[in-house]
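Listed below are the residues making up each chain.
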Amino acid sequence: METYKPSLQDPKIESFWQEKGVYLFDPSSTAPVFSIDTPPASISGHLHLGHIYSYSHPDFMARFWRMRGYNVFYPMGYDDNGLPTERLVEKRLGYRAQEVGRKAFIEKCLEVSEETEQQYQATWQRLGLSVDWRYTYRTIDNFSRRTSQTSFLDLYHKGLVYQRKAPAIWCPECQTTIAQAELNDLDRESRFVTLAFTLEDGSGTLPVATTRPELLPACVAAFVNPNDERYKSFIGRKVREPLFGRSVPVLEDSGAEMEKGTGAVMCCTFGDITDVGWWYTHQLPLIEIMGRDGSLTGEMAGEFAGLKVTEARSKIVEVLRQRGQVLGEQAVTQSVRVHERCDTPVEYIVTRQWFVKVLDFKEALLEAGEQIEWSPVHMGLRYREWVENLRWDWCISRQRYFGVTFPVWYCARCHKIMLAQQDQLPVDPAVDKPEQPCECGSTSFIPEQDVMDTWATSSMTPQIVGRWLSEPALYHKVFPMSLRPQAHEIIRTWAFYTIVKSYLHFGELPWKRIALSGWGLAPEGSGKLSKSKGGGPISPQSAFDKYSPDAVRYWTASAGFGKDAVISEEKIQAGTKLLNKLWNVARFSQRFLQNYRPASQLPSLSPADRWLLSKTQQLIQRVTFLFEDYDYATAKSETESFFWNLADNYLEMCKTRLYNEASQDREGALFTLHHVLLAVLKLFAPFFPHITEQLYQELFAATAWEESIHRSAWPVARPELIEPEAEQAGELLVTIAGAVRRFKSEHNLSLATELKQLIIVSHERHLNQSLQSAAYDLSSITRASEIRLVEALEPGLERLTVEGPLELAVLRGEN
């Protein structure tokens, strides 16, 4: 067996997997299916160790269920149709999409995304993901576009999608509408400015506090709480806003917070979601002053037109100060809504957009969340809170170029909406034409310019990977999917929208279980890894080259679903240490196990054999339960602890028997070593696919049914080998061995130093027979020439420090 060199050996193993089709899904198999709705990675930069962390977790589960005999459907996807890809391409080009035009920009997006996806696949394969690459998809490819457009048409015909000119959430940086789910909260330093709104008759002043004085040109009302005694006399009267002196009504609404600012607030169209709500509820006028680039615009903005928000804010406050209409200013920490993609504060502007109805189905969507199994369980509460707090239907249109187009035209004569036919999909309305004229007879059409939100397509990933529209037999075999693995921060987007689409289209759940990964965190408290911030202290490829993919996977398995993990080279190094030890144990075992076939009958077993075999069966039961409960992290930890017990104790106990080919007790050691080492390799296989495959090929493949360990059967515990008394005796052996090691260390003796005698007093009389039977193994691990069990220790012996129902002493001998 060669020295362990993962950089040389791992690529050979990866080629072996591909050549043998180890991870291929079999559509004709009658085995139960385990299907995974793999997250399609967004094409927005280089992968970092945070991606390696989260994408390892579903692979652990895929490998476990495959070894359990399931027909595993494990595809890979790339989310390349939306804003993240556009921003990546704009960053590389150094200019905006609008500057090169739609056609040229889309061509560049396709080129960059294809190049990036090849890099991603190379990284995933080096990591050892057990993906069936035949089922790879892109959310911009023809099949995904057809699926997404079919979804739109189906919802349209069902009356579940509509178009409306209404206030929408707008990102001035990305120049597009976004959905409520794409908002984050960001704290920033701001100022509460209290302004003087005067009654029309001059009889009083209403002090209005605001953090957005730049929106005064769009002020349409002032609001106070009906229970606020300070302002009851103002309700129903009119006040003049201080900038242009326009008259606006003072209205009452319980949404005005008496304790916030002065308790009186202005309503502008639009500063925030509260303004939108009041505008709808109180049927207020609409004054549009916010441009799509985040600057004030239009006649109502007056002399401040053309100024960006922050500049307009500063100049308007200065003008009001000079007029004496600023009653007070106070520094505050303000939570603002920002676009999650760029952290830009959003605006609310009136545009014509496409929406999917979700508010009408909140109760059904809450019930769907209850029927899905969540790992960890508490993540289901995040979903519930999101659905309960929904205030908008889902806006699915975006004012960008690179995305799935709406299959829609507008008649140039009568403006009727024209939809594509199903057999025409996928269509690009800018290039293709309707198959028939409009009802009015016109054949002149205006194409829909907007594209769909990327989530409108990603929400159909179960249908895309299952090939819903082209392979119905495959689709019904894999749907609903067994598992949706994803990041916890996109519960409100990808998870929610997939549930929405599945419910609206099919009335079914999209998957049985959703498992949420935590974040890979950069060291020293610098937070979540991101492509835009450089991706952390070490790249995936550098980590693979410096350590090995299996060692990196050791780190990724250190925390369970839903938990964050700091990138720790120290932990990756611990993985390297474990892998080296596993290799060395196997190399030691090879000389004994090469071509060994255990007999059908159990051989004579020593107490050490029976101890380890019993512990192994319980480990198999425990790890199987943990994997079934999706607790891979504890499964890895407990297997590792067991392995070190095997390496540090049992091998030393059985060495003498293994080397002595004439020993009648040798067969018991061979059987135990074969059984336990093969079980350990299989339990480790989901975590360390490369090294376990290599060792399986070297030690076990010649006498096994399956060519690959990853197609072999998961270990099944043998109840007849579970012996609590044997385990108790075995723990005594480990205690004795540990005491002798400490004695030698304290006396600066090599562990290989031979002892003349090891004298044992056991206060557990029922274990004496086991200790006597284990003399051979105790002699092997302690290097004691003679093992004596006595009733009491004689005076003058060197006593050993030991815990438990034992007393120990040694005779060192002449040396």
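Now for a look at the structure at hand. None of the values given here were measured: they were computed from a predicted structure. (Residues numbered from 1 in each chain as written. Predicted model: local features only at pLDDT ≥ 70, side-chain atom pairs only at ≥ 80, totals over all residues. Heavy atoms only, no water.)

Things to note about helix α13 (residues 491–506)
Given 3.6 residues to a turn, an α-helix orients residues that are three or four positions apart in the same direction.
Argument step 1. The buried count for α13 comes to 14 of 16 residues, which makes it a mostly enclosed element.
Argument step 2. Taken from the residues just after α13, glycine 507 is the one with a positive phi, measuring 65°. (Buried < 20%, exposed > 50% of the residue type's maximum accessible area, 1.4 Å probe, protein only. Helix = DSSP H or I, 4+ residues; strand = E, 2+ residues; numbered from the N terminus.)

Some thoughts on the packing of helix α16 (residues 569–593) against helix α18 (residues 632–659)
Argument step 1. Close contact between α16 and α18 brings their axes to 11 Å; oriented N to C, the two are set at 25°. In terms of their interaxial angle, α16 and α18 are classed as roughly parallel. For the crossing formed where α16 meets α18, the hand is left-handed. Across the interface between the two elements, Lys577, Leu578, Lys581, Leu582, Val585, Phe588, Arg591 and Phe592 of α16 pack against Glu640, Phe643, Trp644, Ala647, Asp648, Leu651, Lys655, Leu658 and Tyr659 of α18.
Argument step 2. Residue classes in the contact of α16 with α18 are distributed as 11 nonpolar, no polar and 6 charged. (Axes fitted to C-alpha atoms, helices over the stretch in contact; angles between N-to-C directions. Parallel < 35°, antiparallel > 145°, perpendicular 65-115°, else oblique. Left-handed = near helix turned anticlockwise from the far one by under 90°. Contact = heavy atoms within 4.5 Å. Nonpolar A, V, L, I, M, F, W, Y, C, P; charged D, E, K, R; others polar.)

Some thoughts on the packing of helix α9 (residues 379–388) against α13
Argument step 1. The contact between α9 and α13 brings their axes to 10 Å, and the two run at 80°. In terms of orientation, α9 and α13 fall into the roughly perpendicular class. Residues Met379, Arg382, Tyr383, Trp386 and Val387 of α9 pack against Ile491, Arg492, Phe496 and Ile499 of α13.

Here's the deal with the layout of surface pockets
Argument step 1. The space that makes up the second largest pocket amounts to roughly 1300 Å³.
Argument step 2. Along the walls of the second largest pocket sit 48 residues, with Thr211, Arg212, Gly271, Asp272 and Gln334 positioned nearest its centre.
Argument step 3. For the lining of the second largest pocket, the element with the most residues is strand β14 (residues 326–339), which contributes 6 residues.
Argument step 4. A breakdown of the residues in the lining of the second largest pocket according to their chemical character gives 21 nonpolar, 13 polar and 14 charged. (1 Å grid on protein atoms, 1.4 Å probe; cavity = no way out; pocket = protein on both sides within 12 Å on 5 of 7 lines; lining within 4 Å. Points joined across faces, edges and corners; volume = space filled by probe spheres on them.)

Considering empty space enclosed by the protein
Argument step 1. Under the criterion given, the structure shown has 4 cavities of 30 Å³ or more.
Argument step 2. Roughly 120 Å³ of volume is contained in the largest cavity.
Argument step 3. Mapped onto the lining of the largest cavity, the elements with two or more residues apiece are α3 (83–93), β22 (451–452) and α10 (454–458).
Argument step 4. For the lining of the largest cavity, the element with the most residues is α3, which contributes 3 residues.
Argument step 5. Per-class residue counts for the lining of the largest cavity are 6 nonpolar, 5 polar and 6 charged.
Argument step 6. If you add up the space inside the second largest cavity, you get close to 60 Å³.
Argument step 7. In terms of lining, the second largest cavity is formed by 12 residues, of which the most central are Leu390, Trp392, Asp393, Trp394 and Tyr497.

Observations concerning the pattern of salt bridges
Argument step 1. Per the counting criterion, the structure on display carries 47 salt bridges.
Argument step 2. As a salt-bridge pair, arginine 553 and aspartate 59 come within 2.7 Å of each other at their nearest N and O atoms. Of the two residues, arginine 553 sits in helix α15 (residues 549–556) while aspartate 59 sits in helix α2 (residues 49–67), which places them 494 residues apart along the sequence.
Argument step 3. Arginine 553 gets classed as buried once you look at its relative accessible area, which sits at 0%.
Argument step 4. Across the pair arginine 138 and aspartate 80 runs a salt bridge whose closest N-O atoms are separated by 2.8 Å. Of this pair, arginine 138 sits in strand β5 (residues 137–138) while aspartate 80 is found in the loop between β4 (77–79) and α3, placing the two residues 58 residues apart along the sequence. For the pair arginine 138 and aspartate 80, one class covers both residues: buried.
Argument step 5. Salt bridges sharing partners connect three or more residues here, namely Arg191, Glu318, Arg321 and Glu329. (Salt bridge = Lys/Arg side-chain N within 4 Å of Asp/Glu carboxyl O.)

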